[in-house]
Amino acid sequence: MGFSVSASAAIIFISFLIAAGTIYTAWSNSYANVQAAREDWYALRLSQLNTLFSLNAGLSKFSNTTTYYNVTFAIRNNGVTLYAPHWSAVYDGSYVTIYNVSDDNVGLLDDYTYVLPGSFVLINVTHIPLNSEVHNLTVVFGNGCWVRLTWYYSSTAKEVIATVSRGCPTEVS
């Protein structure tokens, strides 16, 4: 009532086939995941390389009272289409919601969904104390790139002096 040698060999052979099938499936899934991650990395890198914003001083606005001033920055998208609901912002070191001006005095003037190449985004900052203190607003996009607006009020020139800088994370290079 024992197994014959050929039956034992068949069981061992079938076990090897099942093990090989399992290993192949695991390898195939891992390879597909690595390829998908590589494609995502290339898409993110291409998006970051083509994220270009500039400040349009002609469309930007400034208004003041005796104690505070408001400024609207016109930022032009010179790169790829971006999805605005994924944007975050930091104003003078504090996180601000960029879709609502009334809650923290910083926000977009229109309801932007997609920002196409060549279009402008109007960002409004209100109730800024009327002094020569330097202010920063950093807007971070969905792909990790950012644009930083730095400005101050010049009491001698009676205007706002602004500069813009931009960058992307160095982890994806």
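Residues numbered from 1 in each chain as written. Predicted model: local features only at pLDDT ≥ 70, side-chain atom pairs only at ≥ 80, totals over all residues. Heavy atoms only, no water.

**Q** Hey, could you run me through the state of the cysteines in this one?
**A** Cysteine pairs can be covalently joined through their sulfur atoms, and such a bond is termed a disulfide. According to the stated counting rule, one finds one disulfide in the structure shown. In this model Cys 145 forms its disulfide with Cys 168; the gap between the sulfur atoms is 1.9 Å. For the disulfide bridge between Cys 145 and Cys 168, the dihedral angle about the S-S bond is near 95°, and by the sign convention the bridge is right-handed. You can see Cys 145 sitting in the loop between strand S10 (135-140) and strand S11 (146-154) and its partner Cys 168 sitting in the segment after strand S12 (159-167), a full 23 residues away along the chain. Note on Cys 145: relative accessible area 1%, which makes it buried. (Disulfide = S-S within 2.5 Å. Helix = DSSP H or I, 4+ residues; strand = E, 2+ residues; numbered from the N terminus. Buried < 20%, exposed > 50% of the residue type's maximum accessible area, 1.4 Å probe, protein only.)

**Q** Looking at this structure, I do not really get the side chain of Asp 104. What am I missing?
**A** Its place among the elements puts Asp 104 in helix H2 (residues 101-104). Despite its burial, Asp 104 pairs with no opposite charge; the closest candidate is Arg 148, at 17 Å N-O. If we ignore the near neighbours within four places in the chain, the residues touching Asp 104 are Val 96 and Thr 97. (Lys, Arg positive; Asp, Glu negative; His and termini not counted. Salt bridge = Lys/Arg side-chain N within 4 Å of Asp/Glu carboxyl O. Contact = heavy atoms within 4.5 Å.)

**Q** For this particular structure, what's the right way to read the confidence of the model for the protein?
**A** Predicted coordinates in areas of low pLDDT are best not read in detail. Of all residues in the protein, 95% attain a pLDDT of 70 or more, and the chain-wide mean is 85. Confidence, expressed as mean pLDDT per element, reaches its minimum in the protein at H2 with 73 and its maximum at S10 with 93. (pLDDT = per-residue confidence, 0-100.)

**Q** Mind showing me how you'd approach the environment of Ser 94 here?
**A** Looking at the element boundaries, Ser 94 is found in strand S6 (residues 94-96). Sequence-wise, Ser 94 and Ala 57 are 37 residues apart; in three dimensions their C-alpha atoms are separated by 25 Å.

**Q** What should I look at first to understand the nonpolar core in this one?
**A** Generally speaking, soluble globular proteins have nonpolar side chains that are buried together. Counting 29 residues, the largest nonpolar core has Trp 87, Tyr 91, Val 125, Leu 137, Val 139, Phe 141 and Trp 151 as its most contacted members. Of all elements in the fold, only strand S3 (68-77), strand S5 (88-91), strand S7 (106-108), strand S9 (120-129), S10 and S11 reach the threshold of two or more residues within this core. Leave out the neighbours within four places in its chain, and Phe 141 touches Thr 51, Phe 53, Leu 82, His 86, Trp 87, Trp 146 and Val 147. (Core = buried A, V, L, I, M, F, W, Y, C linked by side-chain atoms within 4.5 Å.)

**Q** Looking at this model, I keep getting lost on the pairing of S3. Mind explaining?
**A** Taken residue by residue, a regular strand's side chains alternate between the two faces of the sheet. Within S3, seven of the ten residues are buried, leaving the element largely enclosed by the surrounding structure. Pairing between S3 and S9: eight bridges, direction antiparallel. Following the sheet pairing, Arg 76 is matched in S9 by Phe 120. (Pairing = 2+ DSSP bridges.)

**Q** Explain the packing of aromatic side chains here, please?
**A** Geometrically, a pair of aromatic rings is defined through the distance of the ring centres and the angle of the planes. Tallying each qualifying case throughout the model produces twelve aromatic pairs. With centroids separated by 4.9 Å and ring planes inclined at 70°, the aromatic side chains of Trp 87 and Phe 141 adopt a geometry described as edge-to-face. A residue pair is termed long-range when its members are at least 10 positions apart, and Trp 87 in the loop between strand S4 (82-83) and S5 and Phe 141 in the loop between S10 and S11 qualify at 54 residues. Classification of Phe 141 as buried rests on a relative accessible area of 4%. Clustering of aromatic rings is evident, with ring pairs tying together Tyr 24, Trp 27 and Tyr 31. Of note, Arg 148 hangs over the ring of Trp 146, and the distance from its end group to the ring centre comes to 4.6 Å. (Phe/Tyr/Trp six-rings, centres within 6.5 Å; stacked < 30°, edge-to-face > 60°. Lys NZ or Arg CZ within 6 Å of the ring centre and 35° of its normal.)

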